[in-house]
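Overview (structure and organization)
Each chain, letter by letter, is given below.
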Amino acid sequence: MNLLKDKICIVTGGGRGIGKATAKKFIEEGGVVIIADFDASTGTATADDLGEQCTFIKTDVSNSDSVKSLIKRVKADCGSINVIVNNAGILKDQTLEKMEEDQFDKVIQVNMRGVYLCTKYAAEVMREQGSGVILNASSVVARFGNFGQTNYVAAKAGLEGMTKVWARELGKHGIRVNAVAPGFIQTDMTAGMPEKIITMMGDKVPLKRWGQPEDVANLYCFLATDEASYISGAVLHIDGGVVV
Ligand code: NAP
């Protein structure tokens, strides 16, 4: 199918994991994908791997100049921005008593401020066009909390709030804004966990398996297309039925 034919799609953190799977899925649907990632070697390798419909632009989503330059370049090279997936994210887990202020600030800067910056500048282009789709990467922990994740949960819960604000503010410009909240998805982000915990967490999922990046990519893809043209301001959970 060609549900995203010639649509210009930015995927932040698209060098690996869920972002890479999303870039691949968008390309399969005819989209033109710009991977905006921090790591140049991973980003370039992924863009090469995904072929001529994909390019890489080195970007730090938490840095205003870097984001402005990304948006300016995509607008100049491609003429429009139809979809942005604010997928880039980091973890710096620690219990409250041990969490240093810089660990808190860094996760807020990338996972929440990064989403604010990318949306702010991409939405300028989308407003001019009178259309666009903004998709934000939340997590089930925004709803349930999680041990050792004060910073991450704060950022994801904040991002869900911003999603609802932006759906209200941008709807009249033909822009849809939604968040996707994955449960346990097997990526590099979760690969460092002890085997025992990985098995235990998988057992807690009613569907009895961890999710794959492709599961989340399929949902992003649906939300990016006109098939989802009346969905805005939503937080869609994709978690195999898990209750944390
Ligand atoms: P991942 O494998 O760690 O990939 C994240 C990507 O974001 C990496 O390529 C990383 O680049 C990039 N990134 C980090 N900081 C950045 C910055 N400042 N600017 C631009 N790019 C940056 O993560 P994932 O598991 O695919 O997760 C993707 C998103 O889904 C995240 O927002 C995460 O919070 C969310 N999520 C994941 C799960 C899960 O179970 N995996 C569950 C719920 C939600 P580097 O290579 O330089 O680090």
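Rules behind the numbers
Residues numbered from 1 in each chain as written. Predicted model: local features only at pLDDT ≥ 70, side-chain atom pairs only at ≥ 80, totals over all residues. Heavy atoms only, no water. Patch = residues over 30% accessible without salt bridge, like charges linked within 9 Å, V, L, I, M, F, W, Y side chains within 5 Å. Areas by Shrake-Rupley, 256 points an atom, 1.4 Å probe, with all protein chains shown as cover. Salt bridge = Lys/Arg side-chain N within 4 Å of Asp/Glu carboxyl O. Lys, Arg positive; Asp, Glu negative; His and termini not counted. Charge placed at Lys NZ, Arg CZ, Asp CG, Glu CD. Helix = DSSP H or I, 4+ residues; strand = E, 2+ residues; numbered from the N terminus. Buried < 20%, exposed > 50% of the residue type's maximum accessible area, 1.4 Å probe, protein only. Contact = heavy atoms within 4.5 Å. Near = heavy atom within 4 Å. Polar contact = N/O pair within 3.5 Å; in protein donor to acceptor, adjacent residues only side chain to side chain. Nonpolar A, V, L, I, M, F, W, Y, C, P; charged D, E, K, R; others polar. Arc of directions from axis to C-beta. Disulfide = S-S within 2.5 Å. Pairing = 2+ DSSP bridges. Axes fitted to C-alpha atoms, helices over the stretch in contact; angles between N-to-C directions. Expected span 1.5 Å × (residues − 1).

1. A short note on a negative patch on the surface
- Together, Glu-100, Glu-101, Asp-102 and Asp-105 line one region of the surface with negative charge.
- Secondary-structure assignment places Glu-100 in the loop between strand E4 (83-86) and helix H4 (101-129).
- Using a relative accessible area of 49% as the deciding quantity, one classes Glu-100 as partly exposed.

2. Quick notes on a nonpolar patch on the surface
- A cluster of nonpolar side chains, namely Met-193, Ile-197 and Met-200, defines an oily patch on the protein surface of about 230 Å² accessible area.
- You can see Met-193 is positioned in the loop between helix H7 (188-191) and helix H8 (195-204).

3. Observations regarding the environment of Ile-90
- The topology assignment puts Ile-90 in the loop between E4 and H4.
- Those residues in contact with Ile-90 that lie beyond four places of it in its chain are Lys-106, Val-107, Val-110, Asn-111, Tyr-152 and Met-189.

4. A word on the site of the ligand
- If you check the shell around the ligand, you find 27 residues, and the closest are Ile-18, Asp-37, Asn-87, Tyr-152 and Thr-187.
- Here an oxygen atom of the ligand sits 3.1 Å away from a polar atom, N or O, in the side chain of Arg-16.
- The backbone of Val-61 places a nitrogen or oxygen atom 3.0 Å from a nitrogen atom of the ligand.
- Coverage of the ligand by the protein chains reaches 92% of its 900 Å² of free accessible surface.
- Where the shell around the ligand is concerned, the elements lending two or more residues are helix H1 (17-28), helix H6 (150-170) and H7.
- Broken down by class, the residue content of the shell around the ligand amounts to twelve nonpolar, ten polar and five charged.

5. Some details on H8
- Among all positions of H8, only Ile-198, Met-201 and Gly-202 are buried. Down the axis of H8, the buried side of the element spans an arc of 100°, and every buried residue falls inside it.
- Turning to H8, the residues buried within the fold contact H7.

6. Description of the state of the cysteines
- Inspection of the entire model under this criterion finds zero disulfides.
- Free cysteine: Cys-54, not disulfide-bonded; nearest cysteine sulfur from Cys-9 at 10 Å.
- Left unpaired, Cys-118 is separated from the closest cysteine sulfur, that of Cys-9, by 15 Å.
- Taking the relative accessible area as the measure of exposure, Cys-118 reaches 1% and is therefore buried.

7. Considerations on the sheet that holds strand E3 (residues 54-58)
- Pairing in this open sheet of seven strands is parallel, and the strands run E3-E2-E1-E4-E5-E6-E7 from one edge to the other. Two strands close off the open sheet at either side, each with one partner strand: E3 and strand E7 (235-238). The sheet shows a mean angle of 20° between the axes of neighbouring strands, direction not considered.
- Pairing of strand E1 (residues 8-12) with strand E2 (residues 32-37) involves five bridges; the strand directions are parallel. Residue pairing in the sheet places Ile-10 in a bridge with Ile-34 of E2.
- Across the sheet, helix H2 (residues 40-50) touches E2 and E3, and the angle it forms with E3 is around 170°.
- This element, H4, spans E1, E4, strand E5 (132-137) and strand E6 (175-182) of the sheet and lies at about 175° to E4.

8. A short note on H6
- Compared with the 30 Å implied by 1.5 Å per residue over 21 residues, the 30 Å span of H6 between its first and last C-alpha is a close match.
- If you check which residues of H6 are buried, you get Asn-151, Tyr-152, Val-153, Ala-155, Lys-156, Leu-159, Glu-160, Met-162, Thr-163, Trp-166, Ala-167 and Leu-170.
- The inward-facing, buried residues of H6 abut H4, E5, helix H5 (141-144), E6, H7 and E7.

9. Points about a positive patch on the surface
- Residues Lys-68, Lys-120, Arg-127 and Lys-172 make up a contiguous surface patch of positive charge.
- Mapping Lys-172 onto the fold places it in the loop between H6 and E6.
- On the basis of relative accessible area, Lys-172 is assigned to the exposed category, the value being 70%.

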